[in-house]
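# Coordinate analysis (summary)
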Amino acid sequence: MEKKKYRIQKAAVFLFTILAGLILGIGNVRPVSAAQTDSGQSAPIAIKQAAIVARVNYSGGVKISVTARYQGKMLSEGTDYVCKIKPGVKKAGKNYLSVTGVNRFQGTVQVPYNVVVNKIDRVRINPDQETGVWVNWSGRKSPKQGVEIYRRAENEKTYKKTKVIADASTMRWLDKTAKPGVKYSYRIRAYRGMYYGAFSDTVSARYLPRMNDAPKVTSDKAGTMKIRWKKRKGIAGYQIAYAMDVEMKKSLKKITIADYKKTSTTIHNLKTNRNYFVEMRLIYKTGKKTYYGAWSPQGMTLIRW
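It should be emphasised that the depicted structure is a prediction, and the values quoted were computed from it without experimental measurement.

Check the secondary structure of the protein and you find 2 helices and 25 strands. Out of the 305 residues belonging to the protein, those deemed buried represent 37%. Considering only contacts within the protein whose residues lie at least 6 apart along the sequence, 60% involve residues at least 24 apart.

This structure, assessed with the given rule, holds 7 aromatic pairs. Ring plane angle 50° and centroid distance 5.2 Å describe the contact between W229 and Y238, whose orientation is recorded as tilted. What makes Y238 buried here is its relative accessible area of 0%. Here the aromatic rings of Y242 and Y276 are separated by 6.3 Å at their centres, their planes lie at 50°, and the arrangement is tilted. Highlighted residues: Y242 in strand 20 (residues 237-243) and Y276 in strand 23 (residues 274-286), separated in sequence by 34 residues.

Turning to its location among the elements, N273 is positioned in the loop between strand 22 (264-267) and strand 23. Overall, N273 belongs to the exposed group, its relative accessible area being 57%. Separated by 32 residues in sequence, N273 and W305 have C-alpha atoms that sit 6.6 Å apart. Excluding residues that lie within four positions of it along the chain, N273 makes contacts with L302, I303, R304 and W305.

Note: strands within a sheet are paired through backbone hydrogen bonds, in either parallel or antiparallel orientation. Spatially, 3 strands are ordered 18-19-22 in an open sheet, and the strand pairing comes out antiparallel. Unpaired on one side and paired on the other, strand 18 (216-218) and strand 22 mark the two borders of the sheet. Averaged over neighbouring strand pairs, the angle between their axes works out to 20° when direction is ignored. For strand 18 and strand 19 (residues 225-228), the ladder comprises 3 bridges, and the chain directions are antiparallel. By the bridge assignment, T218 is partnered in strand 19 with K226.

This brings us to the side chain of D245. Tracing the backbone through its elements, the reader meets D245 in the loop between strand 20 and strand 21 (253-257). K249 provides the closest opposite charge to the buried, salt-bridge-free D245, at an N-O distance of 6.8 Å. At 2.9 Å, the side chain of D245 forms a polar contact with the backbone nitrogen of K250. Ignoring anything within four residues of it in the chain, the contact list for D245 reads K250 and F277.

Here we come to the environment of I165. Checked against the element boundaries, I165 lands in strand 13 (residues 160-165). For the pair I165 and Q145, spaced 20 residues apart in sequence, the C-alpha separation works out to 9.2 Å.

Moving on: the pattern of salt bridges. Counting across every chain of the model gives 7 salt bridges. Of the charged contacts, one joins R189 and E148 as a salt bridge, the two residues approaching to 3.1 Å between their closest N and O atoms. One end of the pair, R189, is in strand 15 (residues 183-192); the other, E148, is in strand 12 (residues 146-153), with 41 residues separating them in the sequence. Take R189: its relative accessible area is 14%, and that puts it in the buried class. Look at E148 and you get buried, because its relative accessible area is 3%.

Turning next to unusual backbone geometry. For Q71, which is not glycine, the phi torsion reads 55° and is therefore positive. Turning to its location among the elements, Q71 is positioned in the loop between strand 3 (63-70) and strand 4 (73-74). Accessibility expressed as a relative area gives 64% for Q71, which makes it exposed. Not every positive phi belongs to a glycine, and S251 is a case in point at roughly 55°. What makes S251 partly exposed here is its relative accessible area of 39%.

Conventions we followed
Residues numbered from 1 in each chain as written. Predicted model: local features only at pLDDT ≥ 70, side-chain atom pairs only at ≥ 80, totals over all residues. Heavy atoms only, no water. Helix = DSSP H or I, 4+ residues; strand = E, 2+ residues; numbered from the N terminus. Buried < 20%, exposed > 50% of the residue type's maximum accessible area, 1.4 Å probe, protein only. Contact = heavy atoms within 4.5 Å. Phe/Tyr/Trp six-rings, centres within 6.5 Å; stacked < 30°, edge-to-face > 60°. Pairing = 2+ DSSP bridges. Axes fitted to C-alpha atoms, helices over the stretch in contact; angles between N-to-C directions. Lys, Arg positive; Asp, Glu negative; His and termini not counted. Salt bridge = Lys/Arg side-chain N within 4 Å of Asp/Glu carboxyl O. Polar contact = N/O pair within 3.5 Å; in protein donor to acceptor, adjacent residues only side chain to side chain.

Have a look at this one:
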């Protein structure tokens, strides 16, 4: 009887010990982290441990693609990491992309990538045009690479973006808004998407349009000739040169017409039975300084009587 009682007590102690162990063990149970659930590791994985490569594609502008691998397995964007490019104007050459880990991956790493934007090699301007200033440039033609043209007038402190040309095959542009008599400076840079190359060298010239038409010259009276031309606006006047030879050296004389509204003048006391050659150019004034355009084609008449 005593043996049976002893066995019952021993079984009760055993059960109590097991229940106590279970109860005490429950307090020591810890929740499983997301990193442990996804990867089976005891700690999150630093994204910098992954092999990340950024590549540049130029079809349709500039597109950045990213591939990431960890322990030979391809990672998925949005599930394992997210990418972010810094906003604002980006320069050609070495740039950086921020790759941040998500879920089982943590931290952020800067991944380099290189964007090629061809620099404009040479810029030339031709200011002696009737309709404006021609800006010409050269450089390797690249698909999807446009140009931005910046201009500064002599009375301005900063350059202003004047024209954007998206067509890579275009290598010249006519600035029709240039004002006569004003000195302008131009510089150009190429772009691809939001990535910009370095600015070209600066070129400057004063815009002094010429008279493209020769003056009309007649001799209706003895020893005189009448000179006619088309009126021009935005100028200070006209200068007329006349001589008895094509080279404009023999008996060369010059007169100034200060009124831009005038369209004719008569010159007296000329030698008879001689040919006279006439050229004209436009006069411009900027502040206290006077500038002259190029000479026009020649007009000619024979002085009779």
